[in-house]
Amino acid sequence: MIFLLYKRLLTADIDIKLPYYWYLQGSLIEENQFEEDVGQSREFYITSDRSSRKMTRVPKSSVPEDLQRQIDDQIQSLVQNYRQTSGFFKKGYISLLLDDVYSQAPYEFQRTFNRGLVPFLDSIHDPERVKNKTSFSLNDAEKDKIETLLDDSFRVFPQCDMRRIYDTYVDWDDTIRITLESSERQIFPITKNFWDFFCHNLRILQNENLPSDLIRQWDSRFIENVLPKYQDGLEKTRKTLLQRWRKSQNEDREIENVVNKLNFISRNNLNQSDT
């Protein structure tokens, strides 16, 4: 909500210089810069159960009263989008909130992938269904939906901005499609791991009001650690999946040969009985 408030205020020429970056679940406040700017840590506003702390009083501020009123009006208007007339938040308001946040995402890929593919995979990731490693399978409709979402994501990948990870993304896309052929259960961790990897690069490119030293640290860590580690892991996973796929293909051929032999014997017996 603070990110959405920040964007609203910018349209009114009010800049609160929110230190944020795009990450796993949308926009995320950078803790250290936030504490330096505000004078309180982000944790001060969050209780032990991770809900927002109820503020009984608002500390005095040097912000002019007319500016405070404008900000307060925008806050009230924003919060009402997610509240019922009774005052309670709407059921499922978090999803509505994330949709609104992602409507401001810099890349269409973020919306297609994390508000399309990921929620669909979550919807079919039933713990009871996936706990059995040998029997889990996707039906044809689920596979078709996943392939469509993968196609949509591929078409809008920000290739120009993310040249340094594009080849890795292509390898991932090919790998995830292999899971649909032989290791369907693996689609969940492979997708999660890629999104984590993607967002390490995303935060370097898409952020505001952060110190340049921090961005350089992120970039250095990405090049020296995150990128090679992910590429190595993806290559190992890909080889394992291909081995399983080839094995399943061989097994299919063996079964086909047996079936052909049985059919041949049956035809011979039938011909002999006719004569």
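For the structure itself, look to the data block above.
Predicted model only: the values in this text are computed from it and were never measured. (Residues numbered from 1 in each chain as written. Predicted model: local features only at pLDDT ≥ 70, side-chain atom pairs only at ≥ 80, totals over all residues. Heavy atoms only, no water.)

1. What about the environment of Y102?
Here is the rule: A run of DSSP states H or I qualifies as a helix once it reaches four residues; a run of E qualifies as a strand once it reaches two. Both are numbered from the N-terminal end. Each residue is placed in one exposure class: buried if its accessible area under a 1.4 Å probe, protein chains only, is under 20% of its type's maximum, exposed if it is over 50%, and partly exposed if it falls in between. Only heavy atoms matter for contacts: two residues are in contact if any of them lie within 4.5 Å across the pair. Two N or O atoms count as a polar contact when they lie within 3.5 Å, although within protein this holds only if one can serve as hydrogen donor and the other as acceptor, and sequence-adjacent residues are included solely when both atoms are side-chain atoms.
The residue Y102 is located in helix α4 (residues 93-102) in this model. With a relative accessible area of 1%, Y102 lands in the buried category. C-alpha separation for the pair Y102 and W22, spaced 80 residues apart in sequence, amounts to 9.8 Å. Setting aside its immediate chain neighbours within four residues, Y102 contacts Y23, L24, Q25, G26, Q110, R111, N114, R115 and W195. Of the polar contacts made by the side chain of Y102, one reaches the backbone oxygen of L24; its length is 3.5 Å.

2. Some thoughts on the pairing of strand β1 (residues 20-23)
We count it as follows: The pairing criterion for strands is at least two bridges between them, as found by DSSP.
Of the two faces of β1, the one holding Y20 and W22 and the one holding Y21 and Y23 are both buried throughout. With four bridges joining them, β1 and strand β2 (residues 26-29) adopt antiparallel strand pairing. Residue pairing in the sheet places W22 in a bridge with S27 of β2. Linking β1 to β2, which pair antiparallel, is a turn of two residues. For β1 and strand β3 (residues 207-208), the ladder comprises two bridges, and the chain directions are antiparallel. Residue pairing in the sheet places Y20 in a bridge with E208 of β3.

3. Brief notes about the nonpolar core
Put simply, the rule is: In this text, buried Ala, Val, Leu, Ile, Met, Phe, Trp, Tyr and Cys residues form a nonpolar core when linked through side-chain atoms within 4.5 Å.
Among the nonpolar cores identified, the biggest contains 62 residues, and F109, I146, W172, F194 and F198 are the most heavily contacted of them. A per-element tally of this core places helix α9 (residues 187-205) first, with 10 residues. Beyond its immediate chain neighbours, meaning those up to four positions away, F194 contacts F109, F113, Y169, W172 and Y230.

4. Side note on the packing of aromatic side chains
Cut-off, in case you're wondering: Classification of ring pairs rests on two measures: the distance between centres of Phe, Tyr or Trp rings, Trp counted by its six-membered ring, which must be within 6.5 Å, and the angle between planes, read as stacked under 30 degrees, edge-to-face over 60 and tilted in between. Geometrically, a charge over a ring is one whose NZ (Lys) or CZ (Arg) sits within 6 Å of the ring centre while staying within 35 degrees of the ring normal.
Scanning the entire structure with this criterion turns up 29 aromatic pairs. Summarising the aromatic geometry, the rings of W22 and Y102 are spaced 6.0 Å apart at their centres and angled 55 degrees between planes, so their arrangement reads as tilted. Taken together, the positions of W22 in strand β1 and Y102 in helix α4 put the pair 80 residues apart, joining distant regions of the chain. Accessibility classification places W22 together with Y102 in one group, the buried group. A centroid spacing of 6.0 Å and a plane angle of 20 degrees characterise the contact between Y169 and W172, whose relative ring orientation is stacked. Of this pair, Y169 and W172 both sit in helix α8 (residues 163-182), three residues apart, which is roughly one turn of that helix. According to the relative accessible area criterion, Y169 is buried, its value standing at 0%. Residue classification places W172 among the buried positions, given a relative accessible area of 0%. Positioned above the aromatic ring of F89 is the side chain of R83, whose terminal nitrogen or guanidinium carbon lies 5.4 Å from the ring centre.

5. Remarks on the environment of I223
Mapped onto the elements, I223 comes out in helix α10 (residues 212-274). As a C-alpha pair, I223 and N201 span 22 residues in sequence and 9.4 Å in three-dimensional space. When near neighbours in sequence (up to four residues on either side) are disregarded, I223 contacts R164 and P228.

6. Some words on a negative patch on the surface
What counts here: Each patch groups residues whose relative accessible area exceeds 30% and which form no salt bridge, using 9 Å between like charges and 5 Å between nonpolar side chains of Val, Leu, Ile, Met, Phe, Trp and Tyr. Note on areas: Shrake-Rupley with a 1.4 Å probe; residue coverage comes only from the protein chains shown. By definition, a salt bridge exists where a carboxyl oxygen of Asp or Glu is found within 4 Å of a side-chain nitrogen of Lys or Arg. When charges are counted, Lys and Arg are positive and Asp and Glu negative, with His and the chain ends excluded. To locate a charge, take NZ of a lysine, CZ of an arginine, CG of an aspartate or CD of a glutamate.
Taken together, the side chains of D140, D144, E147 and E181 define an acidic patch exposed on the protein surface. Broken down by element, the negative patch gets its largest block of residues, three residues, from helix α7 (residues 140-155). For D140, the location among the structural elements is in helix α7. The class of D140 is exposed, set by a relative accessible area of 60%.

Honestly, that's just the spatial picture; any functional story needs more than this.
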